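So you can see what is in the structure, the chains are spelled out below.
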Amino acid sequence: MNRRTILKTVAAGSIVPAAHIGKQTVASEPADTTAADSDMTTDSDTTADHEDTPVAVRIVEIPETVTGGAVLEWTVEVENPTDQSIRPTIEYTVDGEPAGNVTLTVGPGETERPFPSSYRTEPVPEDDEVTVRADANGETDERTVGIRATDELDPELQFPDPEPAVQPETTVHFEVGAVDPDAVQTTTWWIDGENVGDTLADPWQGVYYVEQAAHYWQETFESDGHDKRDETYEVVAGVDVDGEQYRASWTITVTPTGLEDPTIDTARPAPGPLEISPGGMTLEIDVSDPDGNLERVVWWLTQADRILGVSDVSGASDTATLSVDSGRCHSCQLIPWVITADGTFTAEPLWEFVEPGIDPDGAGLETESF
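Keep in mind that this is a model prediction, so the values were computed, not measured. (Residues numbered from 1 in each chain as written. Predicted model: local features only at pLDDT ≥ 70, side-chain atom pairs only at ≥ 80, totals over all residues. Heavy atoms only, no water.)

When we look at burial in helix α2 (residues 203–212), the residues that qualify are W204, Q205, Y208 and Y209. Buried residues along α2 cover an arc of 140° about the axis, so they all sit on one side. Looking one or two places after α2, you find A213, whose phi comes out positive at around 55°. (Buried < 20%, exposed > 50% of the residue type's maximum accessible area, 1.4 Å probe, protein only. Helix = DSSP H or I, 4+ residues; strand = E, 2+ residues; numbered from the N terminus. Arc of directions from axis to C-beta.)

Below you can see the structure in the form of structure tokens.
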């Protein structure tokens, strides 16, 4: 069983962990051939796709080294030594892990190159290497690529502290700040060497970066329960700033004596459907942290993908407030994120905005900003 649980609740907005770049299957021709087309096929243009059809596959373009965290690209060519068209599938792996595939048609005696493939490498603290392999119909070619050590991100841009200890089932909110506000910055996340997502997978990432000058990831850590020893996880962020690579890392210890999630204790008005009066209203939540280190509440509006405000909180218990005016977003939910200075995290959808007189099926719906 997987030792970790990706945060898939409303706390993470619409995060969808992203696969490595270039893992889509690409066909060089349309895959849907009609029956009429099949009837017109002759013996001379029959395409063979059997796995035992001989081919020659070669990696022809690949760099000798890249910096850890950068995208590694390579190009292969496939030669067809037979007297009929073939349609092989080329499978790619990087250090034995699947890195995509491509299927293409190669005519008799011809050589074809599919589009280049790519793979986001993991940032590394020391020089390393990976092996890229291409397989097609039993034929193989491979190359070893050096991975240069990645520069460490400024610790001031890394949140929370690099070695938190948490109890099982606790969620941690990670951030990497903006290295250069005028540059294009993307962030990719790894947990124990597995690429789990990046900033391009979710519109909330872009909103958060604009509003809070940081990219984030949220992860719920669990124990496998097989023994009484503490478990550790390595979380790595690869930060790409206009092609320059940086690395941030955390070692998470899961232990019964670790930090716990904060809680939302009370909400005013009561959670549920909420109509905003023309004069606006104030929303409140009472929050607490068993470890006494509350820091902030981020108020998210779903569907509109907006942050309505950030409330400072502190200590073991506090009250966060948000004033909303007469603007409306029918059926949008308001989700407060509670974040402690230790990085522990909780979130809950509390209210759903309802505009009087709106067709529940959405007819004539208009959305106004807060």
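The discussion continues.
Inspection of the sheet shows strand β5 (residues 65–67) paired to strand β13 (residues 139–148) by three bridges, in the parallel sense. Residue T67 lies in a different strand from β13, and its bridge partner there is R148. Relative to β13, strand β12 (residues 128–136) is paired through nine bridges, and the arrangement is antiparallel. Along β13, the bridge assignment pairs T131 with T144. Hairpin connection between β12 and β13: a loop of two residues separates the two successive antiparallel strands, and N137 in this loop has a positive phi of roughly 50°. (Pairing = 2+ DSSP bridges.)

This paragraph deals with the nonpolar core. Core analysis: the biggest nonpolar cluster contains 24 residues, and W74, I90 and Y92 have the highest contact counts within it. The set of elements that each furnish at least two residues to this core consists of β4 (56–61), β6 (71–79), β8 (89–94), β9 (97–103), β12 and β13. With residues up to four places along the chain from it excluded, the contact list for I90 reads V57, V76, V78, G100, N101, V102, L104, P114, A134, D135 and A136. Counting 23 residues, the second-largest nonpolar core is a separate cluster that includes I285, L301, C329 and C332. (Core = buried A, V, L, I, M, F, W, Y, C linked by side-chain atoms within 4.5 Å. Contact = heavy atoms within 4.5 Å.)

That is the geometry; function is a separate question.
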